[in-house]
Amino acid sequence: MADRVTIRFISGPLSGQSYSIGPGELFYVGSDPTCGAVVPADPTIAEKHICIYYRAPGKVLVKDLGSDGGSRLNGKQLRKTSKLRAGDRVTVGETSTFQCSIWDALQPSRMTGHLRRRLSSMSRLSSRRRPSDIEEAKIFGDVTWRPGNRIKTVSIGIMFGLALALGVFTGVGVLDLRSGVDRQPAVELRALTPVSREIKKPAGDGIVNAPPDKNFIWDEIVNISVRFGETPPSIMDDAFIAKVQFWISKFTVRGYHKDLLRRREKFIEPIEVALREQNLPVELGYLVWIESGYDIEAMSPVGARGLWQLMPATAREYGLRVDLSRKIDERSDPVKSSRAAAAYLNLLIRTFGSQRYLLAIASYNSGQNRVQRFQIASTIKQSRVADFWHLVGQLPKETVDYVPKFLAAVIVARNIDRF
């Protein structure tokens, strides 16, 4: 599947509508019927107000075409050609704003990407020009990169990069990339069903809250993804969003989320300190929300225990003392268990990469090895390293359901005034 860029209008006459842009394409926003996005009934919109050009993967340009109404990029006047990044918001005229999601559906590994960049330089020798190239040059200036000229070189690069990537995944190479972090022994697979406080639908006046709308959840997942360093998806399955809606409703019934946030206050310091020590986003601390409900003594049927529901072998591998015969179990220590969990999460993030943080979260539930097996199989089939969104149909149901549960917890905590 080709790289795509999605722009989705979040205000104005086109609010809620999305448009997709492919490599080498010019996309206009304006009132002229020939534009890709036609904004009706707005006198502040010019016939061709702005142009978006997908120049190359990771290089998306936007330019105001001299409109009277002007354009703004993230609140600042758009006066010159600028680069669009994931999560950027562009306002055209007075009321129309769209958000940009830049997403490679099956993003290549770091080595494959490097190989492709080196091989793509060969295409610069070509002087062939397409009609769209001439139009682009008039607007954005001459460009030497031509996506159509590197089909053969990219295919060779992908195949060679795949072989290298598989060597990393199947050997110890992926751990060797961890910048001075010593290799860790194989981590024990976790229980598929983590411990969490089940929220039963109350009788009588305890009505489950109406779930937030799809656009709100989309925006929140985009914001969370940007926070983790992952380019947001251009498409999210309606069934996945429905699962996030379901868990938001469950978490907020009868103010259950407020009870959880009160319990969280007791443990927020050791959790966030441990995550910051590992240079990880503190939002990962909401795994405790769905793992134990901030119950330090929570115990699962398979033996996971504590705030983070660590299994005995995993806890020992990360320095905790677990000797049940002597009634010693440091998994119940919020400081020590948080440090162990943060170190484990650091391993997962480094293994899958921050741009695939949802795979790391899924691995926290079902185990690193299990998720990697599915990723390797998809890599072999697709010739590019898969992310979470393209493993949804292959991973175990319990693992897939764990991710929207986590996202729901973060969304509720981020929007406490709304709920």
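Residues numbered from 1 in each chain as written. Predicted model: local features only at pLDDT ≥ 70, side-chain atom pairs only at ≥ 80, totals over all residues. Heavy atoms only, no water.

1. Things to note about the side chain of Asn-365
Mapped onto the fold, Asn-365 is located in helix α11 (residues 357-366). Accessibility expressed as a relative area gives 0% for Asn-365, which makes it buried. Only 3.5 Å separates the side chain of Asn-365 from the side chain of Thr-399, close enough to count as a polar contact. (Helix = DSSP H or I, 4+ residues; strand = E, 2+ residues; numbered from the N terminus. Buried < 20%, exposed > 50% of the residue type's maximum accessible area, 1.4 Å probe, protein only. Polar contact = N/O pair within 3.5 Å; in protein donor to acceptor, adjacent residues only side chain to side chain.)

2. Things to note about the packing of α11 against helix α13 (residues 397-414)
Pairs of packed helices are described in terms of their axes, by the angle between the two and the distance that separates them. Put simply, α11 and α13 touch, their axes get as near as 9 Å, and they point 120° apart. In this structure, α11 meets α13 at a crossing whose hand is right-handed. Contact residues: Tyr-357, Leu-358, Ile-361, Ala-362, Tyr-364, Asn-365 and Ser-366 in α11; Glu-398, Thr-399, Tyr-402, Val-403, Phe-406 and Leu-407 in α13. Looking at the contact of α11 with α13 residue by residue, the class counts come to nine nonpolar, three polar and one charged. (Axes fitted to C-alpha atoms, helices over the stretch in contact; angles between N-to-C directions. Left-handed = near helix turned anticlockwise from the far one by under 90°. Contact = heavy atoms within 4.5 Å. Nonpolar A, V, L, I, M, F, W, Y, C, P; charged D, E, K, R; others polar.)

3. What to know about the nonpolar core
Counting residues in each nonpolar core, the largest one holds 67 residues, and the members touching the most others are Leu-287, Trp-289, Trp-308, Tyr-364 and Phe-406. Contributions of two or more residues to this core are made by α5 (214-228), α6 (238-252), α7 (256-277), α8 (287-291), α10 (334-352), α11 and α13. No other element matches the eleven residues that α13 contributes to this core. Those residues in contact with Phe-406, other than ones at most four positions away along the chain, are Phe-228, Glu-283, Leu-284, Tyr-286, Leu-287, Ile-290 and Ile-361. Membership of the second largest hydrophobic core comes to 23 residues, among which are Val-5, Val-29, Leu-78 and Val-92. (Core = buried A, V, L, I, M, F, W, Y, C linked by side-chain atoms within 4.5 Å.)

4. Some remarks on the pattern of salt bridges
All chains considered together, the criterion is met by 15 salt bridges. For the salt bridge of Arg-414 with Glu-220, the shortest nitrogen-to-oxygen distance reads 2.8 Å. Taken as a pair, Arg-414 in helix α13 and Glu-220 in helix α5 lie far apart in primary sequence, 194 residues in all. Here Asp-401 makes a salt bridge to Lys-243, at a shortest N to O gap of 2.8 Å. In this pair, Asp-401 is assigned in helix α13 and Lys-243 in helix α6, connecting sequence segments 158 residues apart. (Salt bridge = Lys/Arg side-chain N within 4 Å of Asp/Glu carboxyl O.)

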